[in-house]
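# Chains, contacts and geometry: an overview
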Amino acid sequence: MTDIPPAPLALHLDSAALKANWQWLAAQSGAAACGAAIKANGYGLGAVAVMAHLQAAGCRDFFVATWAEAAELLPHLGEASLSVLHGVRADDMAFALSTPFRPVLNSPEQVARWKAANGGPCDVMIDTGMNRLGIDPNYVNAALFEGLTIETVLSHFACADEDHALNGIQLNAFRQLSAGVPARRRSLSNSAGILLGADGHFDLTRPGLALYGGLPRAEAAGHITQVVRPRAQVLQRRTVRAGESVGYGATYVAEREREAAVLNLGYADGYLRGFSGTGVALLDGTRLPVLGRISMDLTAVDVSDAPWIAEGDWVEIDFDLLSAAAQSGLSQYELLTGLGRRYERRWV
Ligand SMILES: *Cc1c(COP(=O)(O)O)cnc(C)c1O
């Protein structure tokens, strides 16, 4: 068999922007070390590459959700540390004990499991009001942690992207509860939490979204740079005559003759149906609005003002995360983590 042809859709990923975003977040973290959340395949960008670029920038503390995510990173760990946020189920124990990774123990049951196995260094998550993962404050006591080697005690903000009363409540709860946990370091803040102020920085911060170009709070505007630029190839150019429709459901009807380009990109690539009639492609500053519904593998855009665009040309998709979120009704997190497997991921 000859070589597989190049993919007709690509993610241009800006390693300098990724590093600069981490450096800015590290500076905002003050004296605290700045880690990185690289779960969900590095928020869709590719966890192996993200970890390598951030290690080159100086990051040494990484977080994933599951052991399968951690396993992929084992050959690339180097001198860094990696924590598995979902802790250890019984099924995880044999693998967890065979790796240098730390589980983040989230419940008395997980603590008991790790102690019984004589596990090595671990992290501990305590719940301070989110009621998601983490040890219930009622169970946080010295006896629970006896015999554990705890590297980091963590908690997680529920509303750090807003000015919400829970932020202060969680900060105070973390201060008090973490004092009773014999850990070497304390860690509370995600991207948005870093921007809430120095009180929440403690010893280690854990940004995710903002590394990848997301704006968790207004304070980040002008400091965080776009990292991800999806591009798709034109498969076909066609004339849509007045009164004709485009795509499933015939939701777009041309009032007058239009020119359409059909792109190799669809909702199976994470360009979800929320972009139907609202998304925008870009070519040399010309804005090309999406016509009608997004299909699974295809999207039509209006190229009436761009007579030079032809089959084989590449266009960029407007993926500035704030404007793409407004276009689609999706969160910045959903936009990134939904980016599918069919893109060629090209780091520049
Ligand atoms: C995902 C996650 C982060 C990163 O959050 P962002 O909002 O993306 O910065 C930090 N800590 C924990 C526990 C997480 O689950």
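Residues numbered from 1 in each chain as written. Predicted model: local features only at pLDDT ≥ 70, side-chain atom pairs only at ≥ 80, totals over all residues. Heavy atoms only, no water.

## Points about the domain arrangement of the protein chain
The assigned domain composition of the protein chain is domain 1 (31-211) and domain 2 (228-347). For domain 1 and domain 2, the distance between their C-alpha centres works out to 38 Å. Each side of the interface is counted separately: domain 1 has nine residues, and domain 2 has eight residues. Summing the contributions of domain 1 and of domain 2, the shared interface buries around 880 Å²; its carbon and sulfur component is 72%. (Domains from an automatic or database assignment. Contact = heavy atoms within 4.5 Å. Buried area = accessible area lost by both parts, 1.4 Å probe.)

## Quick word on helix α8 (residues 165-178)
Between its first and last C-alpha, α8 extends 20 Å over 14 residues, near the 20 Å set by a 1.5 Å rise per residue. Taken together, the buried positions of α8 are occupied by L166, N167, Q170, L171, F174, L177 and S178. The buried side chains of α8 occupy one side of the element, clustering within an arc of 145° when seen end-on. Facing away from the buried surface of α8 by more than 90 degrees, the exposed residues are A165 and Q176. Against the buried residues of α8 lie β8 (150-154) and β9 (183-187). (Helix = DSSP H or I, 4+ residues; strand = E, 2+ residues; numbered from the N terminus. Expected span 1.5 Å × (residues − 1). Buried < 20%, exposed > 50% of the residue type's maximum accessible area, 1.4 Å probe, protein only. Arc of directions from axis to C-beta.)

## Some points on the pairing of strand β14 (residues 258-263)
Counting buried positions along β14 yields six of six residues, so the element is predominantly enclosed. Along β14, one buried face is formed by R258, A260 and V262 and the opposite face, lined by E259, A261 and L263, is buried too. Pairing of strand β11 (residues 228-240) with β14, which is carried by six bridges, proceeds in the antiparallel orientation. Considered in β14, the bridge of T239 is made with E259. Examined bridge by bridge, β14 and strand β17 (residues 299-302) share four bridges and lie antiparallel to one another. When the sheet's bridge partners are listed, A261 is paired in β17 with V301. (Pairing = 2+ DSSP bridges.)

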